[in-house]
Amino acid sequence: MCGFVGMIGRNNASTSLSIALAALQHRGQDATGIATLDRGRVHLHKDLGMVASVFTPEVLTRLGGSSGIGHVRYPTVGGGLREDAQPFHTRRPGVVMAHNGNVTNLSEVEAWLRKRSLRVQSSCDVEPILLVFAESLVTANGNDFGTNEIRDAVREVFAVVKGAYTCAALLEVEGKETLVAFRDPRGIRPGCYGKGEDGAWLVASESVALDALGAKRVGDLPPGGLLLLRAGEEPVLVEVEPLPARNCIFERIYFARPDSQMEEGRVYDIRWRLGERLGREWRTSGKVADVVIPVPDTSRPAAQAMAETLGLPFREGFIKNRYSGRTFIMPDAETRAAALRLKLNVIPEMFEGKRVILVDDSVVRGTTVRRLADLVRQVNPAEVHLAVYSPPVRNPCFYGIDMPSRNELVATRLPEEAWAQAFGVDSVTFLSLEGLRETAGRPTCMACFDGIYPVAVSQAEEALIVADRRGPDRV
Ligand code: SF4
């Protein structure tokens, strides 16, 4: 999982980019990078670590120019090495690029590149996308290309590279610095654009990056669409290969910030409505409870909505240590267990003697919910009921959200009757698939829940992607 931001038309763009990247830090904490274009020269700095530690004032001063691209990385493939940090740069014809997503046919793309004497050197998916894009531009018209050649290069990327990706690139087009963004034909991964008060143009994975700079969001990048932005000019939006949208529903359930505007709705709002729906479904089960408590922070809107729907008090039972980091992206089980204890502390009075509904966003391996239930049991609740505002995760994601392989998912490993015992709770209620579909309101990608993949992934590619993963758990 990653986040990107691109900017054009503001002096000292790198400082603004670092602020926008800090707003996207939840999308990746392993590595970060910024590349700027400064009178035809590319300045690039990238390193392992978080935005505040990598981009010191001294580093930002060296990244001159009024346009640039920034990136925060959490690797879903590859080993998370420094050389895999983004943005990537190619000298011919001079393009920097960053992305969020996953390529699902890497071996085919590499074969396409090999035929043209090109080799991928990193484990980062943006490199093959960049190479296909750059090769198409060079083949089309050497160094003399315009909007039509950019469109054709993006069309070539869509033809050669399968998967889910939103990309931002910076290059000179018709002699002018141009910020280019494109989104895969199904629009699986998010991307939006907007304008600052000073006229600077921005693209980003989430609108909170625009908010951080006081910029106004104009809209989302359309699926299969290409956007060209230049200082002092109106945006050029080109439909390259649009297909019916299948935006990732898991972004809105868990990953994106609640204050982001995504696919024409506020993430907070959909989490609220999922909580209302979960409340209605829970009521039909005939179970009773005294209090609703969220697993912080993602679940809070859904838990509040569920409590209102059921007419129950909503209480905070866990206090989160803000400085402990996000355990979703901890690399191994031992670190995650320690991180959870550091991260969440229990307020015993909220649980003692009560029938509690614990609301969580999703369950993947089930290990985290088990640890949470064990924490709660230590303060003597009467009953603990787990309510999850998404359906059971039964399938891996190949489109850029890190999830374990099929046989590590608790919903496929254990029969439904065994879940409550495995989680250490009295009952488990997942939102129904129908409830998720109806709340989403229009077709989305929900392959991790229903197994319907909007972009086909062959068994051979699935095996390659799974083998390449580091395999961290989420909590
Ligand atoms: S499979 Fe799940 S996590 Fe992956 S893109 Fe689809 S909805 Fe999102």
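Residues numbered from 1 in each chain as written. Predicted model: local features only at pLDDT ≥ 70, side-chain atom pairs only at ≥ 80, totals over all residues.

Here we take up the confidence of the model for the protein. Taken residue by residue, the protein gives an average pLDDT of 92. The fraction at 70 or more is 95%. Every residue in residues 470-475 is under pLDDT 50, and counting partners more than four places away or in other chains gives 22 contacts. (pLDDT = per-residue confidence, 0-100. Contact = placed C-beta atoms within 7 Å.)

This brings us to unusual backbone geometry. Between Arg-92 and the following residue, Pro-93, the backbone shows a cis peptide bond with an omega angle of 10°. With respect to the element layout, Pro-93 can be found in the loop between β5 (88-90) and β6 (95-103). In this structure, the amide linkage connecting Pro-296 to the following residue, Asp-297, adopts the cis form with an omega of -5°. Here Asp-297 lies in the loop between β16 (291-294) and α10 (300-310). Unusually for a residue other than glycine, Glu-263 sits at a positive phi of about 50°. Inspection of the secondary structure puts Glu-263 in the loop between β14 (261-262) and β15 (265-266). Given 21 C-beta atoms within a 10 Å radius, Glu-263 is considered buried. (Helix = DSSP H or I, 4+ residues; strand = E, 2+ residues; numbered from the N terminus. Buried ≥ 20, exposed ≤ 12 C-beta atoms within 10 Å, placed from the backbone.)

Our focus in this paragraph is the pairing of strand β9 (residues 192-195). Inspection of the sheet shows β9 paired to strand β10 (residues 201-204) by four bridges, in the antiparallel sense. Considered in β10, the bridge of Gly-194 is made with Leu-202. Counted along the chain from β9 to the antiparallel partner β10, the turn is five residues long, and its residue Gly-199 has a positive phi close to 95°. (Pairing = 2+ DSSP bridges.)

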